[in-house]
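So the chains spell out like this:
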Amino acid sequence: MHDIRWIRENPEAFDEGMKRRGMAPQSAELIMLDARRREAQTEAQVLQSERNTLSREIGKAKSQGHDATEIVTRVGEMKARLGVLEEGQRKAEADLTAALETLPNLPSDGVPLGEDEDANVELRQSGEKPCFDFEPKQHFELGEALGEMDFETAAKLSGARFVLLSGLLARLERAIAQFMLNTHTGEFAYTEVSPPVLVRDHALYGTGQLPKFEEDQYCTEEGMWLIPTAEVPLTNIPAGMVIDEDCLPRRYTAHTLCFRSEAGAAGRDTRGMLRQHQFAKVELVSITHPDQSGDEHERMTACAEEILKRLGLHYRVMVLSTGDLGFGARKTYDLEVWLPGQQAYREISSCSNCGDFQARRMNARFRPVGEKGTRYVHTLNGSGLAVGRTLIAILENYQRRDGSILVPEVLRPYMGGGIDVIGPPVP
RNA sequence: GGAGGGAUGGCAGAGUGGUAAUGCAGCGGAUUGCUAAUCCGUCUACCCGAUAGGGUAGCGGGGGUUCGAGUCCCCCUCCCUCCGCCA
């Protein structure tokens, strides 16, 4: 959500930001709605003030035993008009909010200008593509050959875009998540959280999925929503609160299932488990002082990168262009891991600085030391990492000629001991 | 599913129809010769105003009654307790 006062004072900067997002100028319409709102408010307040004065006189007169019928009739006559004005004020406020709440965040300075992901800019790479003396397979070929990645049974149970892992692949998935959580909590000072994965409307509103992206979410009959990412519960932890400045930054991590309808993704990534309706992810969320969100964004990205480095996976860091930026983000780094079976880089983490955009929606503030009043916190979120996609990356990067998978060194302690290789498949 | 009790400022907590007590925290100021005490003011959001200042709203949300609602009535949401069911 944007600050209407800022828009009022910086209309050209606001429109410039929207333009970089590929959107038409918005400020004129918003400023008009704001003017209408303030006009309606002032109008209503003048009459309310009058009413209050007269009502107080009635109270005074009555307590002194004087007759007040004349004033009572006068105030009574104001009533209908007052109702109309108050209704007008409510309407004007609702109109402005409705216009504001569907507008995306403005890109930060320095975010590359572009229409879509083709304009994303590579910042750096880490590691190297592995060399094979055979033709590397895709993850689903490997997993199915091992007999531990079963799309047919999953489809029988749940339909398309689901997978059933079993045996050592199921265990590998668990090991990956454990390794990530232990690293983020033990070394990077994130507090582990086990949050609800069903949330109310206002939580999804706070992070920006509602009202605009309702069709991407799963909703229960009771009106609860399955989270599309743990960003939703974690970022909403400080919603509605005023926290002390010395409690910042707050860092949370959680390993949860995520649920996405993939409504707009028909036909994309249909083979394998790259794009599923349900997947596990270890999420990172930071709540920071406004002056620190930039540094925190770099730090968070580095934490996610460290996981890939320790797993020995080659990846590149992209900064998203203005056209590829998510709704709530002002700046996003994507980590793209190399998949030798696919011969492609694929997103495995997305780290975003949302500034005060989400904080304003969820009313999350802090009290600055030495100042009066409150300010909005800044919120950041990043995957640290997507567990399913990490499994894919390990399969494709650590595959061997015989179809077996070498377990990366750092994961072996989590595999239960003595399991350094998964497979090879039995014919 | 059944029954009951609740929701008041950053926090705690009074308030049964007439300007939202009080305490703590925060902020501003005064004062005192020492890490502090005391006193005064302020305290959320918005509107008007160049400033000084003025005003409105805010007691979970929305309606209603009333000249006037935190207070009375209706609807809704959420929280808690007990019972039932249940991992």
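The preceding data block contains the structure.
Here is a short report on the structure shown in this document. On a predicted model such as this, the values are computed, not experimentally measured, just so you know. (Residues numbered from 1 in each chain as written. Chains lettered and ligands numbered in written order. Predicted model: local features only at pLDDT ≥ 70, side-chain atom pairs only at ≥ 80, totals over all residues. Heavy atoms only, no water.)

**Here's the deal with the overall build of chain A**
How we decide: Runs of H or I in DSSP of at least four residues are treated as helices and runs of E of at least two as strands, each being numbered from the N terminus. Note on classification: 1.4 Å probe, protein chains only; a residue is buried when its accessible area is under 20% of the maximum for its type, exposed when over 50%, partly exposed between these limits. Residues count as neighbours in contact if any of their non-hydrogen atoms are within 4.5 Å of one another. Methods summary: accessible areas were calculated by the Shrake-Rupley approach with a probe of 1.4 Å, and residue burial reflects only the protein chains presented. Asp and Glu count as negative and Lys and Arg as positive, but His and the ends of the chain are not part of the count. A charge is said to be at NZ when it belongs to Lys, at CZ for Arg, at CG for Asp and at CD for Glu.
Along its length, chain A carries twelve helices and 18 strands. The principal-axis extent of the C-alpha atoms belonging to chain A is close to 100 × 45 × 45 Å. Looking at chain A as a whole, 49% of its 427 residues are labelled buried. Long-range pairs, those at least 24 residues apart, make up 72% of the contacts in chain A with a sequence separation of at least 6. Accessible area for chain A stands at about 20400 Å²; split by element, carbon and sulfur atoms hold 48% of it. Across chain A, the centroid of the 50 positively charged side chains sits 3 Å from that of the 65 negatively charged ones.

**With respect to the pairing of strand 10 (residues 278-288)**
Keep this limit in mind: Any two strands with at least two DSSP bridges between them are considered paired.
Most of strand 10 is tucked away, with ten of its eleven residues classed as buried. As judged from the ten bridges shared by strand 9 (residues 250-259) and strand 10, these two strands associate in the antiparallel manner. The residue of strand 10 that forms the bridge with Arg251 is Ser286.

**Quick look at the environment of Lys331**
Worth spelling out the cut-off: For the purposes of these results, a polar contact is taken to be a pair of N or O atoms within 3.5 Å, where, inside protein, one atom must be able to donate a hydrogen and its partner to accept one; residues adjacent in sequence count only when each atom of the pair is a side-chain atom.
Relative to the helices and strands, Lys331 is located in strand 12 (residues 331-339). Distance in space between the C-alpha atoms of Lys331 and Thr191 is 24 Å, their sequence separation being 140 residues. Of note is the side chain of Lys331, whose polar atom sits 3.1 Å from the side chain of Tyr333.

**Comments concerning the pattern of salt bridges**
Quick note on the threshold: Salt bridge criterion: a side-chain nitrogen from Lys or Arg within 4 Å of a carboxyl oxygen from Asp or Glu.
With the rule as written, the count across this model stands at 20 salt bridges. In this structure, Asp3 engages Arg360 in a salt bridge whose closest nitrogen and oxygen atoms are separated by 3.7 Å. Of the two residues, Asp3 is situated in the segment before helix 1 (4-9) and Arg360 in helix 11 (residues 357-362); the sequence distance between them amounts to 357 residues. Classification of Arg360 as buried rests on a relative accessible area of 17%. A salt bridge links Arg412 to Glu409, with the shortest nitrogen-to-oxygen separation between them at 3.6 Å. Linked through salt bridges whose partners overlap, the residues forming this network are Arg8, Asp34, Arg37 and Arg38.

**Re the protein's contact with RNA strand B**
Note the threshold: Definition of nearness: a residue and a molecule or strand are near each other if at least one heavy atom of the residue lies within 4 Å of the molecule or strand.
Within the structure, RNA strand B sits among 27 residues, and Gln41, Thr42, Gln48, Ser55 and Val75 are positioned closest to it. Counting only the atoms of RNA strand B that lie within 4 Å of the protein, the sugar and phosphate share comes to 80%. Within the contact set of RNA strand B, a sugar or linking oxygen lies 2.5 Å away from a side-chain nitrogen or oxygen of Thr42. Within the side chain of Arg200, an N or O atom sits 2.8 Å from a sugar or linking oxygen of RNA strand B. At the level of elements, helix 1, helix 3 (27-63) and helix 4 (69-100) are the ones that each hand at least two residues to the surface near RNA strand B. Broken down by element, the residue count for the surface near RNA strand B peaks at 13 residues, all from helix 3.

**Focus: the sheet that holds strand 15 (residues 375-376)**
Read across the sheet, three strands follow the order 8-14-15 without closing on themselves; strand pairing throughout is mixed. Single-partner strands in this sheet number two, and they are strand 8 (242-244) and strand 15. Alignment of strand 8 against strand 14 (residues 365-367), held across three bridges, turns out to be parallel. Across the sheet, residue Val242 finds its bridge partner in strand 14, namely Arg365.

**Let's talk about the layout of surface pockets**
If a probe the size of a water molecule is rolled over the atoms, the empty space left behind becomes visible. Put simply, the rule reads: Grid points spaced at 1 Å and placed over the protein atoms alone form the basis of the search, with a cavity being a set where a 1.4 Å probe fits but cannot get out and a pocket an open set showing protein on both sides within 12 Å along at least five of seven lines. Lining residues have an atom within 4 Å of a point. Grid points are joined across faces, edges and corners, and a volume is the space filled by probe spheres set on the points. Side-chain classes follow a simple rule in which Ala, Val, Leu, Ile, Met, Phe, Trp, Tyr, Cys and Pro form the nonpolar group, Asp, Glu, Lys and Arg form the charged group, and the remainder, Gly included, forms the polar group.
In this model, the second largest pocket occupies a volume close to 450 Å³. If you go around the second largest pocket, you meet 18 residues; those closest to its centre are His2, Trp6, Asn105, Leu106 and Arg330. Counting residues per element, the ones that place at least two in the lining of the second largest pocket are helix 1, helix 2 (11-20) and helix 11. When residues of the lining of the second largest pocket are assigned to their parent elements, the largest contribution, four residues, is made by helix 2. Per-class residue counts for the lining of the second largest pocket are eight nonpolar, four polar and six charged.

**So, the state of the cysteines**
Using the following cut-off: Note on terminology: pairs of cysteine sulfur atoms within 2.5 Å are recorded as disulfides.
Considering all chains together, one arrives at zero disulfides under this definition. No disulfide involves Cys219; its sulfur sits 17 Å from the nearest other cysteine sulfur, which is in Cys258. In this structure Cys219 comes out as partly exposed when scored by relative accessible area, which is 44%.

**Some details on the sheet that holds strand 6 (residues 218-219)**
The strand order across the open sheet formed by three strands is 5-7-6, and the pairing between neighbours is antiparallel. The open sheet has two edge strands with one neighbour each: strand 5 (198-199) and strand 6. The pairing of strand 6 with strand 7 (residues 225-226) spans two bridges and is classified as antiparallel. Its bridge partner lying in strand 7, Tyr218 is registered against Leu226.

**Observations regarding helix 7 (residues 167-186)**
In plain terms, the rule: Each residue after the first adds 1.5 Å to the expected span of a helix.
With 20 residues, helix 7 should reach 28 Å at 1.5 Å per residue; the first-to-last C-alpha distance of 28 Å fits that figure. For helix 7, the set of buried residues is Leu169, Leu172, Ala175, Ile176, Ala177, Phe179, Met180, Leu181, Thr183 and His184.

**Quick look at the packing of aromatic side chains**
Note the following rule: Centres within 6.5 Å are what make two rings of Phe, Tyr or Trp a pair, Trp counting through its six-membered ring; a difference in plane orientation under 30 degrees is then read as stacked, over 60 as edge-to-face, and the rest as tilted.
The full count for this structure, using the stated rule, is five aromatic pairs. On the numbers, 6.2 Å between centres and 65° between planes, the contact of Phe179 with Tyr414 is edge-to-face. One end of the pair, Phe179, is in helix 7; the other, Tyr414, is in the loop between strand 17 (405-406) and strand 18 (421-422), with 235 residues separating them in the sequence. We classify Phe179 as buried; its relative accessible area is 4%.

**Section: unusual backbone geometry**
A cis amide bond links Leu248 to the next residue, Pro249, at an omega of -5°. As for its position among the elements, Pro249 is in the loop between strand 8 and strand 9. With omega at 15°, the peptide bond leading from Gly384 into Leu385 counts as cis. Relative to the assigned elements, Leu385 resides in strand 16 (residues 378-386). Although it is not a glycine, Arg161 sits at a positive phi angle of roughly 65°. Along the chain, the position of Arg161 falls in the loop between helix 6 (151-158) and strand 3 (164-165). Residue Arg161 is classed as buried on the basis of its relative accessible area, which comes to 14%. Even without a glycine there, the phi angle at Glu262 is positive, about 50°. Within the element layout of this structure, Glu262 appears in the loop between strand 9 and strand 10.

Geometric values such as these leave the question of function open.
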